[in-house]
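Fold and contact review
What follows is the residue order along each chain.
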Protein chains: 2
Amino acid sequence: MVTVPRWPEDSRSRLVDAAMSLFGEHGYSGTTVDEIAARAGVTARTFFRHFADKEEVLFADDDTLLPGLLASIAAAPGPIAADALMLHALTTLAAVMQPQRPALVARQRIIDTDVSLTGRELAKQARWQQGVTATLIERGFDPDEAEILSAIGFAIFVRALHAWLADDDGPDLADRIRDALPRARTVLDAVSAR
Amino acid sequence: MVTVPRWPEDSRSRLVDAAMSLFGEHGYSGTTVDEIAARAGVTARTFFRHFADKEEVLFADDDTLLPGLLASIAAAPGPIAADALMLHALTTLAAVMQPQRPALVARQRIIDTDVSLTGRELAKQARWQQGVTATLIERGFDPDEAEILSAIGFAIFVRALHAWLADDDGPDLADRIRDALPRARTVLDAVSAR
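Residues numbered from 1 in each chain as written. Chains lettered and ligands numbered in written order. Predicted model: local features only at pLDDT ≥ 70, side-chain atom pairs only at ≥ 80, totals over all residues.

1. Regarding the overall build of chain A
This is how the line gets drawn: Per the convention used, a helix needs a DSSP run of H or I reaching at least four residues, while a strand needs a run of E reaching at least two, with both numbered from the N terminus. Whether a residue is buried, exposed or partly exposed follows from its count of other C-beta atoms within 10 Å of its own C-beta, namely 20 or more, 12 or fewer, or something in between, respectively; the C-beta atoms are built from the backbone. Once C-beta atoms are placed from the backbone, any two residues with those atoms within 7 Å are in contact.
Counting its regular elements, chain A contains eleven helices and zero strands. Seen in sequence order, chain A has helices and strands lined up from the N terminus as α-α-α-α-α-α-α-α-α-α-α. Viewed in the frame of its principal axes, chain A has a C-alpha envelope of about 65 × 40 × 30 Å. The buried share among the 194 residues of chain A stands at 32%. Within chain A, residue pairs in contact and separated by at least 24 positions form 58% of the contacts whose partners lie at least 6 positions apart.

So, in C-alpha cells, the structure goes:
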C-alpha cells in the first residue's frame, strides 16, 4: 500500500531528503527511484513529476541558486566597482548555502564518487559562469572584463566552497570568500617555487 | 567494395578530415560513422579502432593539446612569475592551434549547434582548467593562487579563441592573448556602467 503524503505540496523537498538519506545508506548507484519515492511516501509517478531521473535530485537546488545569484548581481545598486559587486554576489550566495551545509557535504561526497556526476557538476559550473558573464555584460561591463571577472569569481567561490565543505569546524563560507578575494589582486605577481 | 587505405598509419587523421567534410556537407546529425569511414577509405571497424563514437572525432585533438599545454607549464624555466608563465603557456598553445584555424572554425560551428556537444566542450574546458591548476601546484604555486591563475588564463584564452575563430582577417591568436593579458591586472577595479 502506498502511503498518502500528508503535505503533497512539500513532496519535492521530501523526495530530496529521502534520496539523500538513501544515497548515504546504500550509495548512489545502490538506490532506485522506487525506493526514494517509497521513503518519501509518494508514488514513483510523483517522483517523475518533479525530476527527470535520479541524477536530477542532486542538481535540484540549481533551479533556485543560479537565478538568485544572477538576481543579486543585477540588483546591486550601481555604478559599482567589480570587486564590490563580486563580494556582494558571492557572499549573498554563501548566506543561502550556509544553513544547508550538512546536505551539501553529503551531496559533494556523492558527486565526487561518480565520474559522470562530476562531469555534470563541471558542466554546470561552466554554464553558471556563462550566465554570470552575460549578467555582468548587461550591467555594462566590457565583455572581456566580464569574462575574466566571472572566471575569478568562480575560482574564488569553488575553492572556498570545497574548503568549507571539507572542514567541519572552520569559518563560514562568506568569511572564506572575504578572505580569498584580495588574493585575486596580486596573483599574477606570484612567483613559482621552482 | 571497401577501398584499401594507401596509408594505414594515417587513417586517424583521414577519418578526422572525412568527418569534418561530411559534417559540413550534411550536418553533424546527418552524418553516419559508415559514411565517415567510406569517405576516409577505411572500414567502420577501423573507425572504431580510433574513436569510440562520432562525437569523439570532434574531441580528437584533446589527446595532444592538453598534454602539450601542461608540458609547456611544467617545462618553463623557473622560478617564474605567474604572468610570464601564463603568457608562455597560452602563446605556445596558440602557436599549435594557429595553422589549424579552418578546421577549428568548422569544429566550433558544429559544437555551437548541438547542446550535448556544447555541454561536453564546457566539461572539457573545466577538466583542462583542473589539469592546469594541478600543474601550477606542482610548480610550487599556492593552491589558492593556482586555482585563480588557471581561471584567469582560461577566461583570457577562451575569449581570445572565440574572437579569433569569428574574425577571418584579424590578429593571430597569440597576439590576441598578448593584448588581453594586461586587462586581468585591472579588472577588479572596473566600474559597471549602471
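2. Digging into the interface of chain A and chain B
Between chain A and chain B, the residue contacts involve 39 residues of the former and 39 residues of the latter. Residue assignment for the side of chain A that touches chain B shows that the elements contributing at least two residues are helix H6 (82–97), helix H8 (115–138), helix H9 (143–166) and helix H11 (183–186) of chain A. The biggest single contributor to the side of chain A that touches chain B is H9(A), with eleven residues.

3. Regarding the domain arrangement of chain A
Residue and element names in this part refer to chain A. Under the convention used in this document: The source of the domain bounds is an automatic or database domain assignment. Three residue categories are used. Nonpolar comprises Ala, Val, Leu, Ile, Met, Phe, Trp, Tyr, Cys and Pro, charged comprises Asp, Glu, Lys and Arg, and polar comprises the others, including Gly.
Along its sequence, chain A is carved into domain 1 (8–57) and domain 2 (61–185). Measuring from the centre of the C-alpha atoms in domain 1 to the corresponding centre in domain 2 gives 27 Å. With three residues, the top contributor of residues to the side of domain 1 that touches domain 2 is helix H1 (residues 11–26). A per-class count over the side of domain 1 that touches domain 2 returns three nonpolar, one polar and one charged.

4. What about the relation of the copies chain A and chain B?
Just so we agree on the cut-off: Residues below a pLDDT of 70 in either copy are left out; the C-alpha atoms of the rest, at least 70 in both, set the least-squares superposition of the copies.
Structural alignment of chain A on chain B gives an RMSD of 0.0 Å, achieved by rotating through 180 degrees and translating 0.0 Å along the axis. Expressed as a symmetry operation, the mapping of one chain copy onto the other fits a two-fold axis. Taking the C-alpha atom as reference, chain A places A:Ala123 closest to the rotation axis, 2.3 Å from it. Of all interface residues in chain A, 100% are interface residues in chain B too; the two copies therefore contact each other through one and the same surface.

5. Quick word on the nonpolar core
Basically, it comes down to this: Here, a nonpolar core denotes buried Ala, Val, Leu, Ile, Met, Phe, Trp, Tyr and Cys residues that are linked to one another through C-beta atoms within 7 Å.
Counting 64 residues, the largest nonpolar core has A:Ile152, A:Ile156, B:Ile152 and B:Ile156 as its most contacted members. Setting aside chain neighbours within four positions, we find B:Ile152 in contact with A:Ile148, A:Ala151, A:Ile152 and B:Ala184.

6. Description of the packing of helix H7 (residues 101–113) of chain A against H8(A)
Residue and element names in this part refer to chain A. Note the cut-off: Helix axes are fitted to C-alpha atoms over the stretch in contact, other axes to C-alpha atoms as well, and angles between N-to-C directions run from 0 to 180 degrees. Working rule for angles: under 35 degrees goes down as roughly parallel, over 145 as roughly antiparallel, 65 to 115 as roughly perpendicular, anything else as oblique.
One way to put it is that H7 packs onto H8 with a least axis distance of 5 Å and a crossing angle of 115 degrees. By the angle between their directions, the pair H7 and H8 is classed as roughly perpendicular. The residues of H8 that touch H7, namely those facing Ile 110, Ile 111 and Asp 112, are Leu 117, Thr 118 and Glu 121.

7. Some details on helix H1 (residues 11–26) of chain B
Residue and element names in this part refer to chain B. The condition is simple: Multiply 1.5 Å by the residue count of a helix minus one, and that product is the helix's expected span.
For H1, with 16 residues, the first-to-last C-alpha span of 22 Å sits near the 22 Å given by 1.5 Å per residue. Regarding H1, the residues found buried are Ser 11, Arg 14, Leu 15, Val 16, Ala 18, Ala 19, Leu 22 and Phe 23. Elements that come into contact with the buried residues of H1 comprise helix H2 (33–40), helix H3 (44–50), helix H4 (54–58) and helix H7 (101–113). The first or second residue beyond H1 is Gly 27, which carries a positive phi of 85 degrees.

8. Considering the environment of A:Arg176
Residue and element names in this part refer to chain A. For Arg 176, the location among the structural elements is in helix H10 (residues 173–180). Taking the C-alpha atoms as reference points, Arg 176 and Ala 95, separated by 81 residues in sequence, lie 12 Å from one another. With sequence-adjacent residues up to four places away left out, Arg 176 is seen in contact with Ala 160, Ala 163, Trp 164 and Pro 171.

9. Regarding the packing of helix H9 (residues 143–166) of chain B against helix H10 (residues 173–180) of chain B
All names here are of chain B. Convention followed: Take the far helix as the reference: if the near one is turned anticlockwise from it by less than a right angle, the crossing is left-handed, and if turned clockwise, right-handed.
The interhelical angle for the contact between H9 and H10, taken along N-to-C directions, is 135 degrees, at an axis separation of 9 Å. In terms of orientation, H9 lies oblique with respect to H10. Relative to H10, the crossing made by H9 is right-handed. Of H10, the residues touching H9 (which contributes Ile 156, Phe 157, Arg 159, Ala 160, Leu 161, Ala 163 and Trp 164) are Leu 173, Arg 176, Ile 177 and Ala 180.

10. Quick look at unusual backbone geometry
The omega angle of the peptide bond from A:Gly78 to A:Pro79 is 0 degrees, so this bond is cis rather than trans. Its location among the elements puts A:Pro79 in the loop between helix H5 (62–75) and H6.

11. Re the environment of B:Ala82
Of note, B:Ala82 is situated in helix H6 (residues 82–97). Residue classification places B:Ala82 among the buried residues on the basis of 23 C-beta atoms within 10 Å. Taking the C-alpha atoms as reference points, B:Ala82 and B:Leu136, separated by 54 residues in sequence, lie 9.2 Å from one another. Every residue in contact with B:Ala82, bar those within four places of it in the chain, is listed here: A:Val187, A:Leu188, A:Asp189, A:Ala190 and B:Leu149.

12. Focus: the environment of A:His50
Residue and element names in this part refer to chain A. Tracing the sequence through the fold places His 50 in helix H3 (residues 44–50). Here His 50 falls in the partly exposed class, since 16 other C-beta atoms lie within 10 Å of it. On a C-alpha basis, the gap between His 50 and Ala 60 in space is 9.2 Å, while along the polypeptide they are ten residues apart. Among residues more than four places away in sequence, those in contact with His 50 are Ser 11, Arg 12 and Leu 15.

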